[in-house]
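One-letter residues, chain by chain:
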Amino acid sequence: MNEKFEFGVEYYEYFRKAVDKSLDGTVIPGLNVCNHYVNLLGVNPNDRLLDLGCSYGRLYPVFANYTKQIFGADVDLQVVNEAIKNPYVIAIVGQAEKLAFPSNFFNHVVAWGVFDIVDQIECLKETNRILKTGGKFLFTAKGAHYPDSDCLAYVAERNAKLKNFPNRFIDLELLMQALPLLGFTIERKFHFSKRGDLGLNQPLNDLKEIQSNSFYEFVAILKKVTEPSGASVTQWWDEYSVTARAKAECEGFGTDVLGYFRKSFDADNPGTSKK
Ligand SMILES: C[S@@+](CC[C@H](N)C(=O)[O-])C[C@H]1O[C@@H](n2cnc3c(N)ncnc32)[C@H](O)[C@@H]1O
């Protein structure tokens, strides 16, 4: 159970299938949805854009609507070998936390479906380093306080954790407090109440729900305004959502969320053994 999750062939095959048909029936955001948000970046034809966590290059056609200066990076060699079938300027094997690109190089960095699974503080520092001042960082991420009624979100969180998938759930208020210390301002944010709403591009308009942090996913556009100050920040992410922690607590598992996940999985899948 404690083995590190590997982004390799198994994950790649899963992701390629999920793009067409996700396991739980929700829609993975397609190119049109991604394009809707990339369009807000104001990309100029000669701007350099990094497709961070580019996988097999699924989103290349979106970025190509705006610029030809498209670079890619992903941790997995196999997907990078697929990605380079698109005319990226270059696509490299590299980690969001430490990239072999020069400082102040990019006008835009896009991490679509990636920020959840990286070391977020190191990723923000590294993104700040490679962005020019005034450059934008667009990413999608998961909220820590998704509604208790969102069963699909809970099952997705539980099943991912049982496979050791490295999700991180964000308290957006805390992240926003940390951003100035990391050299960013937040330009735009869009919230999606339930799992699947981003795929349908149905953002939340209810200010009360937004203010109570009650959403499953969000899209954020940050702007680099300066370099990180070096001051320490309050941790805004957690390996479990607050929603799952509360369920575990309520069911008598205290802080043993994993134990609760195992029991809940067994109850939902009788006869299937899970480590
Ligand atoms: C959910 S896929 C999203 C791919 C692509 N952005 C898209 O939407 O089609 C996540 C990708 O992030 C990559 N990844 C995981 N950890 C990473 C890291 N630390 N740095 C860069 N890429 C990473 C995975 O290999 C995988 O290809």
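Conventions adopted
- Residues numbered from 1 in each chain as written.
- Predicted model: local features only at pLDDT ≥ 70, side-chain atom pairs only at ≥ 80, totals over all residues.
- Helix = DSSP H or I, 4+ residues; strand = E, 2+ residues; numbered from the N terminus.
- Rg over C-alpha atoms; globule rule 2.2 N^0.38 Å.
- Buried ≥ 20, exposed ≤ 12 C-beta atoms within 10 Å, placed from the backbone.
- Contact = placed C-beta atoms within 7 Å.
- Pairing = 2+ DSSP bridges.
- Right-handed = clockwise from strand over helix to strand, strands pointing away.
- Arc of directions from axis to C-beta.
- Core = buried A, V, L, I, M, F, W, Y, C linked by C-beta atoms within 7 Å.

**Student:** So what about the overall build of the chain? Which residues, and what values?
**Tutor:** On a plain count of helices and strands, the chain comes out with 10 helices and nine strands. Over its C-alpha atoms the chain spans a radius of gyration of 19 Å, differing by no more than 12% from the 19 Å that the globule rule assigns to 275 residues. In terms of overall dimensions, the chain has a C-alpha envelope of 55 × 40 × 35 Å along the principal axes. Burial analysis of the chain (275 residues in total) assigns 39% to the buried set. Intrachain contacts of the chain at a sequence separation of at least 6 include 71% that bridge at least 24 residues.

**Student:** Tell me what's going on with the pairing of strand β4 (residues 106-111), and back it up with residues and numbers.
**Tutor:** With six of six residues buried, β4 is to be regarded as a mostly interior element. The sheet contact formed by β4 and strand β5 (residues 131-143) spans five bridges and is parallel. Bridge pairing in β5 places V110 opposite L138. After leaving β4, the chain enters helix α5 (residues 120-130) and then returns to the sheet as β5, a path that is right-handed.

**Student:** Tell me about the pairing of strand β1 (residues 49-52), residues and numbers included.
**Tutor:** Here is the key point about a regular strand: its side chains alternate between the two faces of the sheet. A two-sided burial pattern is seen for β1, the buried positions comprising L49 and D51 on one face and L50 and L52 on the other. For β1 and strand β2 (residues 70-74), the ladder comprises four bridges, and the chain directions are parallel. When the sheet's bridge partners are listed, L52 is paired in β2 with A73. Two elements, β1 and β4, share three bridges in a ladder whose sense is parallel. Of the residues in β4, the one forming a bridge with D51 is V110.

**Student:** Outline helix α2 (residues 31-38), listing residues and values.
**Tutor:** Within α2, the full set of buried residues consists of C34, Y37 and V38. Taken end-on, α2 shows its buried residues confined to a sector of 100°, consistent with a single buried face. Against the buried residues of α2 lie α3 (60-63), β4, β5 and β8 (217-224).

**Student:** Kindly report on the environment of W237, identifying the contributing residues and their values.
**Tutor:** Along the chain, W237 falls in strand β9 (residues 237-238). W237 sits in the partly exposed class, given 19 other C-beta atoms within 10 Å. W237 sits 70 residues away from N167 along the chain, and the two C-alpha atoms are 9.6 Å apart.

**Student:** So what about the environment of P102? Which residues, and what values?
**Tutor:** Turning to its location among the elements, P102 is positioned in the loop between β3 (90-93) and β4. Measuring from C-alpha to C-alpha, the distance between P102 and R129 comes to 8.2 Å, with 27 residues separating the pair along the chain.

**Student:** A description of the environment of P180 should follow, citing residues and the corresponding values.
**Tutor:** Here P180 is to be found in the loop between α7 (172-178) and β7 (184-192). As a C-alpha pair, P180 and F105 span 75 residues in sequence and 21 Å in three-dimensional space.

**Student:** Please provide a residue-by-residue account of the nonpolar core, values included.
**Tutor:** With 68 residues, the main nonpolar core has V109 and A111 as its most contacted residues. Not counting residues within four places of it along the chain, the set of residues in contact with A111 comprises L52, G53, A96 and F139.

**Student:** Requested: an account of unusual backbone geometry, with residues and values cited.
**Tutor:** Of note in the backbone geometry, N104 takes a positive phi value of approximately 55° without being a glycine. Judged by the 14 C-beta atoms lying within 10 Å of it, N104 falls in the partly exposed class. Even without being glycine, N164 reaches a positive phi, approximately 70°. Structurally, N164 can be placed in the loop between α6 (151-162) and β6 (169-170). Judged by C-beta crowding, with 13 C-beta atoms within 10 Å, N164 ranks as partly exposed.

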